[in-house]
Amino acid sequence: NLSNADRQVFNDLAAMKPEDRSTTMDNMSRRQMFEFYKDAIALRSSSTAFEADSQVNRIYTHNDNSVMAFSRKDGDEEYIIVASLNRNNLEGYNMPLPPGQWKEVLNSDAARYGGSNFGNFGATLNGGNTRVNIPAAGYVVLKKV
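Note that this is a predicted model, so its numbers are computed, not measured.

J.: Just to check I follow, could you spell out the overall build of the chain for this structure?
T.: Across its full length, the chain holds two helices and six strands. Counting only C-alpha atoms and orienting by the principal axes, one finds that the chain spans roughly 55 × 30 × 25 Å. Excluding contacts between residues fewer than 6 apart, the proportion of contacts in the chain whose partners are at least 24 apart in sequence is 59%. Split by element, the accessible area of the chain, about 9,100 Å² in all, is 50% carbon and sulfur.

J.: Where do I start with the sheet that holds strand E1 (residues 55–62) in this structure?
T.: Backbone-to-backbone hydrogen bonds pair the strands of a sheet. The strands run either parallel or antiparallel. Taken in spatial order, the six strands line up as E1-E2-E3-E6-E4-E5 in an open sheet, and their pairing is antiparallel. This sheet does not close on itself; its edge strands, each paired only once, are E1 and strand E5 (124–134). Shown here is a sheet whose adjacent strand axes are inclined to one another by a mean of 30°, direction ignored. Strand direction decides the pairing type here: strand E4 (residues 90–107) and strand E6 (residues 139–144), joined by five bridges, are antiparallel. Across the sheet, Leu-106 pairs through a bridge with Val-141, a residue of E6.

J.: What is the right way to look at the pattern of salt bridges in this model?
T.: Any two side chains of opposite charge can pair, on the condition that their charged atoms come close. One pass over the full model with this rule turns up four salt bridges. The residue Glu-35 makes a salt bridge to Arg-112 at a minimum N-O spacing of 2.7 Å. A residue pair is termed long-range when its members are at least 10 positions apart, and Glu-35 in helix H2 (residues 18–45) and Arg-112 in the loop between E4 and E5 qualify at 77 residues. Taking the relative accessible area as the measure of exposure, Arg-112 reaches 44% and is therefore partly exposed. Note that Arg-112 is salt-bridged to Asp-39, the shortest N-O span being 3.0 Å. On the criterion of sequence distance, the pair formed by Arg-112 in the loop between E4 and E5 and Asp-39 in helix H2 is long-range, its members being 73 residues apart. Asp-39 sits in the partly exposed class, given a relative accessible area of 21%. Three or more residues joined by partner-sharing salt bridges are found here, namely Arg-31, Glu-35, Lys-38, Asp-39 and Arg-112.

Criteria and cut-off values
Residues numbered from 1 in each chain as written. Predicted model: local features only at pLDDT ≥ 70, side-chain atom pairs only at ≥ 80, totals over all residues. Heavy atoms only, no water. Helix = DSSP H or I, 4+ residues; strand = E, 2+ residues; numbered from the N terminus. Contact = heavy atoms within 4.5 Å. Areas by Shrake-Rupley, 256 points an atom, 1.4 Å probe, with all protein chains shown as cover. Pairing = 2+ DSSP bridges. Axes fitted to C-alpha atoms, helices over the stretch in contact; angles between N-to-C directions. Salt bridge = Lys/Arg side-chain N within 4 Å of Asp/Glu carboxyl O. Buried < 20%, exposed > 50% of the residue type's maximum accessible area, 1.4 Å probe, protein only.

As structure tokens, then:
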């Protein structure tokens, strides 16, 4: 089922001439990509944990599932990047997180970037054996809170 907003976009696109529709869809894709890069750059700029000399540690790898996680830390700032090269969304993927609480601050599959919005919806996850939603061929960034 489409939301009212999605239905309106679909109807507006369907009413356009084919060449206008193609241009509009290209512009929408460009805008979504621009929003993703803008948010990723803002996150990178927000913390020294993303600088080249910050501490980086492997947290988890699973070759068969094509999943990896690593942390970036500088001072009190710490982030975990959980990434998947798997072709499928991994719902409730069980993996160990370091102690503490971890809030999802970026999801590469967010709807605003043109994705299917598969992730943890900004939830705060507890450390230890934790279930994490990981988008197909994507990643989520978690910040220690």
